[in-house]
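Each chain, letter by letter, is given below.
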Amino acid sequence: MNIELKKWSFGDRKHLITICNAVDRTYLSNQLPFPYTDEAADWWLDMVSKHDGVDGIFRSITVNGQITGTISVEQKKDVFCKDAEIGYFLCTDYWSRGIATEAVRQICEIAFINLDIIRITGTIFEPNQASRKVLEKNHFILEGIMKNSAVKDSHIYDVRVYAKMK
């Protein structure tokens, strides 16, 4: 299995819309629109073209040449400017194969080389065991748990805060 992170391009628009509409949203931020429209894809791809390599790293996760998910590391602002937040998702058909673990390994390496950061933060809803394992396998350390800090689809979740230092 060949797992690669590739820069997004406007030519990937159709694939972006497909994966964003197919992804399991149980533990994702509500910032990802649904349904994911042409306009949402255009906005996001335009933002990526302006910020990739400047204050973020944005990649598609490809498996054997097929786009299966997305991953990003986005630098924070103000007094938190040396920190960046990681976010990712995979379509469910690709879960439990080590793909996300490898994608996180690759993007952390890229981000630490290309961004002016000293740490990467990941926040995970407490019940999301799979994502916790992905970060832990990549040497992210649990820094704390924010109790009752997220509301998603009328569920209140604790959020685990992980970090990886440069």
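Going by the structure above, here's the rest.
The following refers to the structure shown. (Residues numbered from 1 in each chain as written. Predicted model: local features only at pLDDT ≥ 70, side-chain atom pairs only at ≥ 80, totals over all residues. Heavy atoms only, no water.)

## Quick word on the overall build of the protein
Phase 1 of the analysis: Scanning the protein from terminus to terminus reveals 4 helices and 7 strands.
Phase 2 of the analysis: Across the protein, helices and strands are ordered from the amino to the carboxyl terminus as β-α-α-β-β-β-α-β-α-β-β.
Phase 3 of the analysis: A compact globule built from 166 residues would reach a C-alpha radius of gyration of about 15 Å, and the protein, at 15 Å, matches this within 12%.
Phase 4 of the analysis: The principal-axis extent of the C-alpha atoms belonging to the protein is close to 40 × 35 × 35 Å.
Phase 5 of the analysis: Expressed as a percentage of the 166 residues in the protein, the buried residues total 47%.
Phase 6 of the analysis: Relative to all contacts within the protein whose residues are 6 or more apart in sequence, the contacts with residues 24 or more apart total 61%.
Phase 7 of the analysis: Put simply, the protein shows about 9,200 Å² of open surface, and 53% of that area lies on carbon and sulfur atoms.
Phase 8 of the analysis: On the protein, the mean spot of the 21 positive side-chain charges and the mean spot of the 22 negative ones are 4 Å from each other. (Helix = DSSP H or I, 4+ residues; strand = E, 2+ residues; numbered from the N terminus. Rg over C-alpha atoms; globule rule 2.2 N^0.38 Å. Buried < 20%, exposed > 50% of the residue type's maximum accessible area, 1.4 Å probe, protein only. Contact = heavy atoms within 4.5 Å. Areas by Shrake-Rupley, 256 points an atom, 1.4 Å probe, with all protein chains shown as cover. Lys, Arg positive; Asp, Glu negative; His and termini not counted. Charge placed at Lys NZ, Arg CZ, Asp CG, Glu CD.)

## Examining the pairing of strand β4 (residues 83–90)
Phase 1 of the analysis: Where burial is concerned, most of β4 is hidden: 6 out of the 8 residues are buried.
Phase 2 of the analysis: As judged from the 7 bridges shared by strand β3 (residues 66–75) and β4, these two strands associate in the antiparallel manner. Along β4, the bridge assignment pairs E74 with E85.
Phase 3 of the analysis: Looking at chain direction, β4 and strand β5 (residues 119–125) are connected through 3 bridges and run parallel. Each residue of the ladder has a partner; that of D83, found in β5, is R119.
Phase 4 of the analysis: Between β4 and its parallel partner β5, the chain crosses via helix α3 (residues 99–114), and the hand of that crossover is right-handed. (Pairing = 2+ DSSP bridges. Right-handed = clockwise from strand over helix to strand, strands pointing away.)

## Describing the nonpolar core
Phase 1 of the analysis: Counting residues in hydrophobic clusters, the biggest one holds 27 residues, and the most contacted among them are I71, I86, V104 and I120.
Phase 2 of the analysis: Listing elements by their share of this core, those giving two or more residues are β1 (3–7), β2 (56–63), β3, β4, α3, β5 and α4 (129–137).
Phase 3 of the analysis: Counting residues per element, this core draws most heavily on α3, which supplies 8 residues.
Phase 4 of the analysis: Not counting chain neighbours up to four residues away, the residues in contact with V104 comprise I71, I86, Y88, V134, L135, N138 and F140.
Phase 5 of the analysis: With 19 residues, the next largest nonpolar core counts I19, L28, M47 and V48 among its residues. (Core = buried A, V, L, I, M, F, W, Y, C linked by side-chain atoms within 4.5 Å.)

## Considering the packing of aromatic side chains
Phase 1 of the analysis: In the structure shown here, the tally under the stated rule is 5 aromatic pairs.
Phase 2 of the analysis: With centroids separated by 4.9 Å and ring planes inclined at 15 degrees, the aromatic side chains of F125 and Y157 adopt a geometry described as stacked. Here Y157 lies in strand β7 (residues 155–165) and F125 lies in strand β5, a separation of 32 residues in the sequence.
Phase 3 of the analysis: By the ring-pair criterion, three or more aromatic residues cluster together here, those being W8, W44 and F58. (Phe/Tyr/Trp six-rings, centres within 6.5 Å; stacked < 30°, edge-to-face > 60°.)

## Some remarks on the packing of helix α1 (residues 13–22) against helix α2 (residues 38–51)
Phase 1 of the analysis: In the contact formed by α1 and α2, the axes pass within 10 Å of each other and the chain directions differ by 115 degrees. Like other packed secondary-structure pairs, α1 and α2 cross with a definite hand, here right-handed. Listed contacts from α2 to R13, L16 and I17 of α1 are D38, A41, D42, W44 and L45. (Axes fitted to C-alpha atoms, helices over the stretch in contact; angles between N-to-C directions. Left-handed = near helix turned anticlockwise from the far one by under 90°.)

## Considerations on the side chain of D12
Phase 1 of the analysis: By the element assignment, D12 lies in the loop between β1 and α1.
Phase 2 of the analysis: Of the side chains bearing the opposite charge, K6 lies closest to the buried D12, which forms no salt bridge; the N-O distance is 8.3 Å.
Phase 3 of the analysis: Ignoring anything within four residues of it in the chain, the contact list for D12 reads K7 and I67. (Salt bridge = Lys/Arg side-chain N within 4 Å of Asp/Glu carboxyl O.)

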